[in-house]
Amino acid sequence: MESSRTADVVVIGAGQAGLSAAYHLRRRGLEPYEGFVVLDANAHPGGAWQHRWRSLTMRDVHGVAALPGTDAPHPSDADRANRAVPAYFADYERSLALPVLRPVRVGRVTDGPGAALTVHTDVGNWVARAIVNATGTWGQPFVPHYPGADEFRGRQLHTVEYDGPGEFAGQRVLVVGGGASAVQILAELAPYAETTWATRRPPVWRDGPFGPEDGRAAVALVEERVRQGLPPQSVVSVTGLMLREQEKDAAAAGVYERLPMFARLTTDGAVWPDGRPERFDAVLWATGFRPDVAHLAPLHLREPTGGIALDGTEAVRDPRIQLVGYGPSASTIGANRAGRVAARNVLRRLEPAAA
Ligand code: FAD
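Residues numbered from 1 in each chain as written. Predicted model: local features only at pLDDT ≥ 70, side-chain atom pairs only at ≥ 80, totals over all residues. Heavy atoms only, no water.

The name an unreviewed UniProt entry gives the protein chain is NAD(P)/FAD-dependent oxidoreductase, with Solicola gregarius as the organism.

Visitor: Break down the pattern of salt bridges for me, citing the residues and quoting the values.
Guide: A side chain with one charge may pair with a side chain of the opposite charge, provided their charged atoms come close. For the coordinates displayed, the defined rule picks out 17 salt bridges. Of the charged contacts in the structure, one is a salt bridge between Arg 317 and Glu 303, with a shortest N-O distance of 2.8 Å. Taken as a pair, Arg 317 in the loop between strand E16 (314-315) and strand E17 (321-323) and Glu 303 in the loop between strand E14 (282-285) and strand E15 (310-311) lie far apart in primary sequence, 14 residues in all. Through salt bridges that share partners, Arg 172, Glu 194, Arg 276 and Glu 278 make up one connected network. (Salt bridge = Lys/Arg side-chain N within 4 Å of Asp/Glu carboxyl O. Helix = DSSP H or I, 4+ residues; strand = E, 2+ residues; numbered from the N terminus.)

Visitor: Account for the nonpolar core, with residues named and values stated.
Guide: Judged by nonpolar contacts, the single largest core of 59 residues is most densely connected at Val 9, Leu 25 and Leu 284. It is helix H7 (residues 332-350) that contributes the most residues to this core, seven residues altogether. Counting contributing residues per domain, this core is built from domain 1 (4-139 + 289-354) and domain 2 (155-205 + 241-285), each supplying no fewer than three. Setting aside residues up to four positions removed in sequence, Leu 284 forms contacts with Leu 157, Thr 159, Tyr 162, Val 173, Leu 174, Val 175, Val 176, Ile 185 and Leu 189. Counting 24 residues, the second-largest nonpolar core is a separate cluster that includes Val 37, Trp 126, Ile 131 and Ile 308. (Core = buried A, V, L, I, M, F, W, Y, C linked by side-chain atoms within 4.5 Å. Buried < 20%, exposed > 50% of the residue type's maximum accessible area, 1.4 Å probe, protein only. Domains from an automatic or database assignment. Contact = heavy atoms within 4.5 Å.)

Visitor: Tell me about the sheet that holds strand E7 (residues 155-158), and name the residues and values.
Guide: In space, the five strands of this open sheet follow the order E7-E14-E8-E9-E10, with parallel pairing throughout. Both outer strands of the open sheet, E7 and strand E10 (258-260), are each paired with one neighbouring strand and no more. Averaged over all adjacent pairs, the angle separating strand axes in this sheet is 25 degrees, with direction ignored. By the bridge criterion, five bridges tie strand E8 (residues 172-176) to strand E9 (residues 194-199) in an arrangement that is parallel. Residue pairing for E9: Val 175 is matched across the bridge by Trp 197. This element, helix H3 (residues 180-189), spans E8, E9 and E14 of the sheet and lies at about 165 degrees to E9. (Pairing = 2+ DSSP bridges. Axes fitted to C-alpha atoms, helices over the stretch in contact; angles between N-to-C directions.)

Visitor: Run through the site of the ligand, naming residues and quoting values.
Guide: Neighbouring the ligand are 32 residues, the closest being Asp 40, Arg 52, His 62, Val 106 and Thr 332. In the environment of the ligand, an oxygen atom lies 3.0 Å from a nitrogen or oxygen atom belonging to the backbone of Ala 48. The separation between a nitrogen atom of the ligand and a polar main-chain atom of Val 106 is 2.9 Å. Protein coverage of the free-state accessible area of the ligand, which is 1,000 Å², stands at 87%. Along the lines of polarity and charge, the residues of the shell around the ligand split into 15 nonpolar, 13 polar and four charged. (Near = heavy atom within 4 Å. Polar contact = N/O pair within 3.5 Å; in protein donor to acceptor, adjacent residues only side chain to side chain. Areas by Shrake-Rupley, 256 points an atom, 1.4 Å probe, with all protein chains shown as cover. Nonpolar A, V, L, I, M, F, W, Y, C, P; charged D, E, K, R; others polar.)

In structure tokens form, the structure reads like this:
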């Protein structure tokens, strides 16, 4: 028999979004463990940050917002993001004594018993009245299907497997994808490897700085998609790309002269739409992620349009479920805000008079 525990609220995931929700649940009076618990599949604190590539420094990231109730971290530019951010999260969890249990992987969430939900994990079940889902996207890397992908005998990897440019020294690398990761990785690879950049659509470059007004407009666009139940776009896809100081040399060297997508991969490279073959040693798919929400499938939250429709952070098809770090809240600032909104919504359900 599987063991079963109860908590009013189960938060799934201890990245920025899950920790923000946990902070606000605690602040609004829910007791650790019997009131709420955070289940996290990683063995260590840090959410997806602990898995970012080794060469990603704090200078390269776009800014990590302070977790609620604390000061922003002040790492030096040279610090590795996959160490500095997890250390900050670990301190936060410890100093607030948040009830984070790990490694605990949620396999699925099902309806019942009664009005409750059952969270099935690899170490037993939790029965809860509400769920805050904060599982991010890192576990669902997306690689589009292109003809010939199975024939290519070189290395194919997604950004989740990239760990710095050194291993590509002297190679010919085809980088695919039009997001910020591709831009950053191309600059890193350029001194070591011969790079080619392919994207489906021409990249949209921003000239000026990205102000708060632009941020709000970009988030509003993604929010509208999610409200309609469409699959969420990344916020970057609507903000445009910017070159930073560390990318200027690569730009001057022509690294960002992008090509439209190849027609197919071959055993030793790619064929371009005009029929020209080109040899590559590796194809790096910087093609993004999808929300990591397969464990919610038994609840049938998905719309025929392909996404989970949300009203704020609340699933339209099941108001017991809050989604944070999803769509418009998939940034550290957005995750903070969503955690606060989700905690308020949950408390309103649990104690209608108190909220
Ligand atoms: P995550 O940090 O991914 O945390 C999710 C947690 O859920 C993980 O710990 C995972 O183990 C857990 N989990 C997943 N599935 C399960 C399961 N089934 N059971 C139990 N636990 C589970 N945003 C910024 O604001 N600034 C930046 O500079 C920035 N840089 C980025 C760089 C890269 C390369 C990428 C990919 C993203 C970047 N982002 C940045 C986006 C930002 O990282 C995220 O929006 C935010 O940190 C994600 O937080 P999260 O809590 O939603 O998810």
